[in-house]
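# Per-entry structural report
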Amino acid sequence: MKRKIIIFGILSVFLLYALPLHADRHGFVRKVVIDPGHGGRDPGAIGLLAKEKDIVLAISLKLGEYIEQNFDDVEVIYTRTTDEFIELRNRTQIANDNKADLFISVHCNASPSRRAFGTETFVMGLHRSKENLAVAKKENASILYEDDYLETYDGYDPNSPEANIMFSMFQNHYLNQSLTMASLVQDQFRDRAGRHDRGVKQAGFLVLYNIAMPGILVEAGFLSNDQEEKYLISETGQAHIASAIFRAFRDYKTYQDNLARQQLASANSNNNKPKAVETTQPASSQANPTPTPPLVNKPEKGNAHDITFRVQFATTSVERPIDAPEFKGMKGISFYFHEGMFKYTVGNESTLEEATLIQQKLHQNGFRDAFVVAFKNNERIAPAEAMRILNQNRQNP
Ligand SMILES: [Zn+2]
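## Description of the overall build of the protein chain
When helices and strands are counted, the protein chain shows 11 helices and 11 strands. Taken across its 397 residues, the protein chain has 52% of its residues classed as buried. Put simply, of all contacts in the protein chain between residues at least 6 apart along the chain, 79% involve residues at least 24 apart. For the protein chain, the computed accessible surface area is about 18,600 Å², with 52% contributed by carbon and sulfur atoms.

## A closer look at the coordination of the zinc ion
Within the first shell, the zinc ion binds the protein through His 38 (NE2), Glu 52 (OE), His 107 (ND1), Glu 139 (OE) and Glu 139 (OE), at distances of 2.0 to 2.6 Å. If you list the donors of the zinc ion from N- to C-terminus, the spacing comes out as H-x13-E-x54-H-x31-E. You can see His 38 sitting in the loop between β1 (31-36) and α2 (52-70) and its partner His 107 sitting in strand β3 (residues 102-109), a full 69 residues away along the chain. We classify His 107 as buried; its relative accessible area is 5%.

## Some details on the sheet that holds strand β4 (residues 119-124)
If you walk across this open sheet you meet the 6 strands as β2-β1-β3-β6-β4-β5, and the pairing is mixed. Edge positions in the sheet fall to β2 (75-78) and β5 (197-203), since each has one partner strand and no second. When the angles between neighbouring strand axes are averaged without regard to direction, this sheet yields 20 degrees. Looking at chain direction, β1 and β2 are connected through 4 bridges and run parallel. Among the inter-strand pairings, Val 32 is bridged to a residue of β2, identified as Val 76. Packing against the sheet, helix α4 (residues 130-140) makes contact with β3, β4, β5 and β6 (215-222), and its axis sits at approximately 100 degrees to β3.

## So, a nonpolar patch on the surface
On the surface, Leu 48, Leu 49 and Ile 233 cluster together into a nonpolar patch covering about 310 Å² of accessible area. The residue Leu 48 is located in the loop between β1 and α2 in this model. Residue class for Leu 48 comes out exposed when judged on its relative accessible area of 64%.

## Focus on the packing of aromatic side chains
What the rule picks out here adds up to 11 aromatic pairs. Note on Phe 71 and Phe 246: the rings are 6.2 Å apart at their centroids and 45 degrees apart in plane angle, and the pair reads as tilted. Placement of the pair is Phe 71 in the loop between α2 and β2 and Phe 246 in helix α9 (residues 235-272), with a sequence separation of 175 residues. The exposure class assigned to Phe 71 is buried, which follows from its relative accessible area of 16%. Measuring from ring centre to ring centre gives 5.4 Å for Phe 335 and Tyr 344, while their planes differ by 35 degrees; the resulting arrangement is tilted.

## Observations regarding the pattern of salt bridges
Scanning the model with the defined rule gives 18 salt bridges in all. The salt bridge involving Arg 114 is made with Asp 226; its shortest N-O contact spans 3.3 Å. Of this pair, Arg 114 sits in the loop between β3 and β4 while Asp 226 is found in helix α8 (residues 226-233), placing the two residues 112 residues apart along the sequence. In this structure, Glu 139 and Lys 138 form a salt bridge, with 3.0 Å as the shortest nitrogen-oxygen distance. Through salt bridges with shared partners, a single ionic network connects Arg 30, Asp 73, Lys 253 and Asp 257.

## Quick word on helix α3 (residues 88-97)
Taken residue by residue, α3 has Leu 88, Arg 91, Thr 92, Ala 95 and Asn 96 as its buried positions. Angularly, the buried residues of α3 cover 130 degrees about the axis, an arc narrow enough to put them on a single face. Buried positions along α3 lie against β1, β3 and α4. Just beyond α3, the residue with positive phi is Lys 99, at close to 50 degrees.

## Remarks on the nonpolar core
The biggest cluster of nonpolar side chains holds 41 residues, and the ones touching the most others in it are Val 32, Ile 67, Ile 104, Met 181, Leu 232 and Phe 249. Breaking this core down by element, the ones donating at least two residues are β1, α2, β3, α7 (175-191), β6, α8 and α9. Among the elements that line this core, the one with the most residues is α9, at 8 residues. When residues no more than four places from it in sequence are discounted, the contact partners of Val 32 are Ile 67, Val 74, Glu 75, Val 76, Ile 77, Leu 102, Ile 104 and Phe 249. Core analysis: the next-biggest nonpolar cluster, separate from the first, contains 23 residues, Val 33, Phe 103, Tyr 153 and Ile 211 among them.

## A closer look at the environment of Ala 260
Looking at where Ala 260 falls in the secondary structure, it is placed in helix α9. With relative accessibility at 2%, the residue Ala 260 sits in the buried group. Separated by 231 residues in the primary sequence, Ala 260 and Val 29 place their C-alpha atoms 9.2 Å from one another. Discounting residues that sit within four places of it in the chain, Ala 260 has contacts with His 26, Gly 27 and Phe 28.

## Some details on the sheet that holds strand β9 (residues 341-349)
The strands that make up a sheet are held in pairs by hydrogen bonds between backbone atoms, and each pair lies either parallel or antiparallel. In spatial order, the strands read β8-β9-β7-β10-β11; together these 5 strands make up an open sheet with antiparallel pairing. This sheet does not close on itself; its edge strands, each paired only once, are β8 (333-338) and β11 (379-381). Averaged over all adjacent pairs, the angle separating strand axes in this sheet is 50 degrees, with direction ignored. In this structure, strand β10 (residues 371-376) lies alongside β11, joined through 3 bridges in antiparallel fashion. Across the sheet, the residue bridging to Phe 375 is Arg 380, located in β11.

About the thresholds
- Residues numbered from 1 in each chain as written.
- Predicted model: local features only at pLDDT ≥ 70, side-chain atom pairs only at ≥ 80, totals over all residues.
- Heavy atoms only, no water.
- Helix = DSSP H or I, 4+ residues; strand = E, 2+ residues; numbered from the N terminus.
- Buried < 20%, exposed > 50% of the residue type's maximum accessible area, 1.4 Å probe, protein only.
- Contact = heavy atoms within 4.5 Å.
- Areas by Shrake-Rupley, 256 points an atom, 1.4 Å probe, with all protein chains shown as cover.
- Donors = N, O, S within 2.8 Å, 3.2 Å for Na, K, Ca; no water.
- Pairing = 2+ DSSP bridges.
- Axes fitted to C-alpha atoms, helices over the stretch in contact; angles between N-to-C directions.
- Patch = residues over 30% accessible without salt bridge, like charges linked within 9 Å, V, L, I, M, F, W, Y side chains within 5 Å.
- Salt bridge = Lys/Arg side-chain N within 4 Å of Asp/Glu carboxyl O.
- Phe/Tyr/Trp six-rings, centres within 6.5 Å; stacked < 30°, edge-to-face > 60°.
- Arc of directions from axis to C-beta.
- Core = buried A, V, L, I, M, F, W, Y, C linked by side-chain atoms within 4.5 Å.

Spelled out as structure tokens, the structure:
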């Protein structure tokens, strides 16, 4: 138990300080990092005929080529283009330094059972089965090829079950986008490439847990299965896999770019509207009863139209008390349960400006990934929607 607490302490401090500042991006998909797994002295999974590191490099280069051929407005960045060893934290660093909009890590699977076959795509999160944990442990074991990995990863030992659970409790803020991309990849694998679909899964991958953007890890098939290995080393197989991931990328980019355009248009129309002096009143709970509130711990403040802004600074899959040590004794913490996760916030402000001031204080206090979220009647809504309602109320009080 003591060891558990120490690992948790180390990891939470590391996570709070290691997360880079969010880039000022507007939601468009303009930069993608393609990460061929393993390389150099780390062969990855070994089949009868081929090594994972060679197959995933070939698939990754094809994928990048398809993207570059089809999208003038997308920059492709690789973590490696040759057979070289790259430490896991450096792969993350490349993606964060380049302020990429999407991270795609390409891998092949292996199983003690030669009969296991098919494709699966992972996003960062707590594993729900032993099999998912096994995949993460296999991929995280790459750090055993690094010098001083215990120091580099703050004592993280890929063979420790506690460490695997503790660090996957912390969630990338881009879970929704990551899940969208992962589903699109599996759809294409199944429908276009005719591969067996093992589904979208979650587990704690070192290469994903610190990226400041949506990210997925693709397992393109099992090298431990004779038939699938033959497919994966064939030119056709590699082209099919790369083309399936490309099609998923194309759909994801179309969707995200449309969303970004809508948000931009709505922000512009808000800026053009005449501004009036805002009046705020405390909410009357009798006038606005909240049916089945989604909040676990509801803050008290509000305004006349029940639009509030809070600053979200942590997300966990396991409930944490609001006086947990990693929250550094902050006052006024509340949390809500949303899409299967516990989300921790401070503040409950009637204007975006007030929430932004709190966000700045949190950034100074080390919570560098804190961001503003909007609520209507304690239900989470898109910030653009909140601004639209506030502007309507200003014009028609
Ligand atoms: Zn791998």
